[in-house]
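# Examining the three-dimensional arrangement
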Amino acid sequence: MSGKVDKKKAAVAKHTELTSLAAKIKAKALENQQKLKEQEAAAESSNSDSNSDSESNSRERKKKLNSKEADVEDETEHETFESFSELDLVPELLQACKNLNYTKPTPIQSRSIPPALKGNDIIGLAQTGSGKTAAFAIPILNSLWHDQQPYYACILAPTRELAQQIKETFDSLGSLMGVRSTCIVGGMNMMDQARDLMRKPHIIIATPGRLMDHLENTKGFSLRKLKYLVMDEADRLLDMEFGPVLDRILKILPTQGRTTYLFSATMTSKIDKLQRASLTNPVKCAVSNKYQTVDTLVQTLIVVPGGLKDTYLVYLLNEFIGKTTIIFTRTKANAERISGLCNLLEFNATALHGDLNQNQRTGALDLFKAGRKSILVATDVAARGLDIPSVDIVINYDIPVDSKSYIHRVGRTARAGRSGKSISLVSQYDLELILRIEEVLGKKLPKESVDKEMILHFRDSVDKANGEVIMEMNRRNKEKQLRGKGRRGRMMSRENMDRGER
Ligand SMILES: Nc1ncnc2c1ncn2[C@@H]1O[C@H](COP(=O)(O)OP(=O)(O)OP(=O)(O)O)[C@@H](O)[C@H]1O
């Protein structure tokens, strides 16, 4: 008995020591951040002392940039609306909105649809879950009704699941209009997709890599008459991972007579990137600032000693038993391991990451959406766009390395006006990341209250279960190696994050 008590005392002492260690490291992180700010300020002031010609150059640069900025019109010149019936929409589209219970427009729809219906390019910025998909689908479908032609609109999305979901929105809104749409994403059969494209769909929703494959290899398929290009999660599509393939696509697409929409919850302010999308005097419709989350989302964090992260996670799953939860991890291996740990402890979870084949990915998402799995353990492949109304809680098991990912991850809950909760597990290695996230959010994340005593009770069983999961994963990996399936490249990538999708 005394041995157990000593063990618990030691564990509590270790935990206290780690927490004060975390506090020390947080202070260090704040100090580093302050130093960084002072260095930047010093660098700026030394620049301003530089000679006049560089000043005139920087003035020149600013003037040019401002002139580009001037191309982005302010949406205040455009009216808004309170009901879809105020808009000059075709009756079939109006009826489809009614069938979907879209009784009134969301703020982004109210701001962006009127200028879109007038034929303007649009840059739309609104929080997650605020109806951006319908904001671009409605004007496109309304225009398609008057100008029925194949390959009319192309919507680009950064992940396969989001592309499929956007297709579903177009199909619902276009259900009374005979709209033909197709989803062109990686992981699916090229020949089946080529056959779908030969049926001359009006709307193509695609991930960039696979679309480029078809533009280069599928006979009879071309977008030279394209009327609408949409980049959903535009800042993600314009970042360097998709850069090369996106540039190749943009080179092929017509710019004359083409309307372009860029939408996201987090936008890049780098005008040059936006110019790559070759927008013409776009109307900027921003109903949120760059990193704003919705008011109905309660965001908290827990500072967790590194060795206890799994135990804290299991404690939270216990606390929120029955709630529909997405757990985000930084790596595919962690997604697999955590999903295995949850199932071993009977928490009914499924994993979603880029190492799964497309059928496994679609199957996992369908099980979660249907409520047959209450926990989805995912990498950032599921961070953007996924609209699963029933998600109650988002848990950041790993803190994302970039603040935009944080905004998109926690935006998988509290959608369309519903409430939701996010909890981030912050180990002593994550403190600088969370400080940066709090800075872009413009607020400190409050601490989630936990019962530390209770957590320590879970520790042994969680560690034991974890050991079993890791052994099972190693066994399966060895089997794959023996079967020659686990290509060295893939085995090496197992520990990596999910990269840009084809
Ligand atoms: N006018 C509306 N009234 C009621 N619900 C709406 C309306 N417009 C869209 N919705 C619903 O709101 C939910 C979120 O929409 P959507 O997925 O387009 O959000 P989003 O802004 O694209 O989110 P994210 O930034 O995460 O991609 C969907 O279930 C959609 O059906």
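- Labelled according to an unreviewed UniProt entry, the protein chain appears under the name ATP-dependent rRNA helicase RRP3, originating from Naumovozyma castellii.
- Taken from UniProt, the Sequence similarities (unreviewed entry) comment for the protein chain reads in full: "Belongs to the DEAD box helicase family. DDX47/RRP3 subfamily."

### Some remarks on the pattern of salt bridges
- Throughout the structure, instances matching the rule amount to 26 salt bridges.
- Put simply, Arg384 and Glu233 hold a salt bridge, and the shortest N to O gap is 3.0 Å. Of this pair, Arg384 sits in the loop between strand 12 (375-378) and strand 13 (393-396) while Glu233 sits in the loop between strand 6 (228-232) and helix 9 (234-237), and the two are 151 residues apart along the sequence. There is no split in this pair, since Arg384 and Glu233 are both buried.

### Thoughts on the sheet that holds strand 10 (residues 325-328)
- Strand order in the open sheet made by the 6 strands is 9-14-13-10-12-11, with parallel pairing throughout. Of all the strands in the sheet, the pair left with one neighbour each is strand 9 (297-303) and strand 11 (349-352). Across the sheet, the mean angle separating the axes of adjacent strands is 20° when strand polarity is ignored.
- As paired strands, strand 10 and strand 12 are joined by 4 bridges and run parallel to one another. Bridging across to strand 12, Thr325 finds its partner in Ile375.

### Re the packing of helix 7 (residues 190-198) against helix 8 (residues 208-217)
- In the contact formed by helix 7 and helix 8, the axes pass within 11 Å of each other and the chain directions differ by 70°. Classified by the angle between their axes, helix 7 and helix 8 sit roughly perpendicular to one another. Regarding helix 7 and helix 8, the two cross each other, and that crossing is right-handed. Contact with helix 7, carried on its side by Met190, Gln193, Ala194 and Leu197, involves Arg210, Asp213 and His214 of helix 8 and no other residues of that element.

### Here we look at the packing of aromatic side chains
- Scanning the entire structure with this criterion turns up 8 aromatic pairs.
- Relative to Phe263, the ring of Phe136 has its centre 5.5 Å away and its plane inclined at 55°; by these criteria the two rings are tilted. In this pair, Phe136 sits in helix 5 (residues 132-145) while Phe263 sits in strand 7 (residues 259-264), placing the two residues 127 residues apart along the sequence.
- Aromatic side chains Tyr261 and Phe263 sit 6.4 Å apart centroid to centroid with 85° between the ring planes, which places their arrangement in the edge-to-face category.

Rules used throughout
- Residues numbered from 1 in each chain as written.
- Predicted model: local features only at pLDDT ≥ 70, side-chain atom pairs only at ≥ 80, totals over all residues.
- Heavy atoms only, no water.
- UniProt positions renumbered as here; feature names shortened; annotations may be inferred.
- Salt bridge = Lys/Arg side-chain N within 4 Å of Asp/Glu carboxyl O.
- Helix = DSSP H or I, 4+ residues; strand = E, 2+ residues; numbered from the N terminus.
- Buried < 20%, exposed > 50% of the residue type's maximum accessible area, 1.4 Å probe, protein only.
- Pairing = 2+ DSSP bridges.
- Axes fitted to C-alpha atoms, helices over the stretch in contact; angles between N-to-C directions.
- Parallel < 35°, antiparallel > 145°, perpendicular 65-115°, else oblique.
- Left-handed = near helix turned anticlockwise from the far one by under 90°.
- Contact = heavy atoms within 4.5 Å.
- Phe/Tyr/Trp six-rings, centres within 6.5 Å; stacked < 30°, edge-to-face > 60°.

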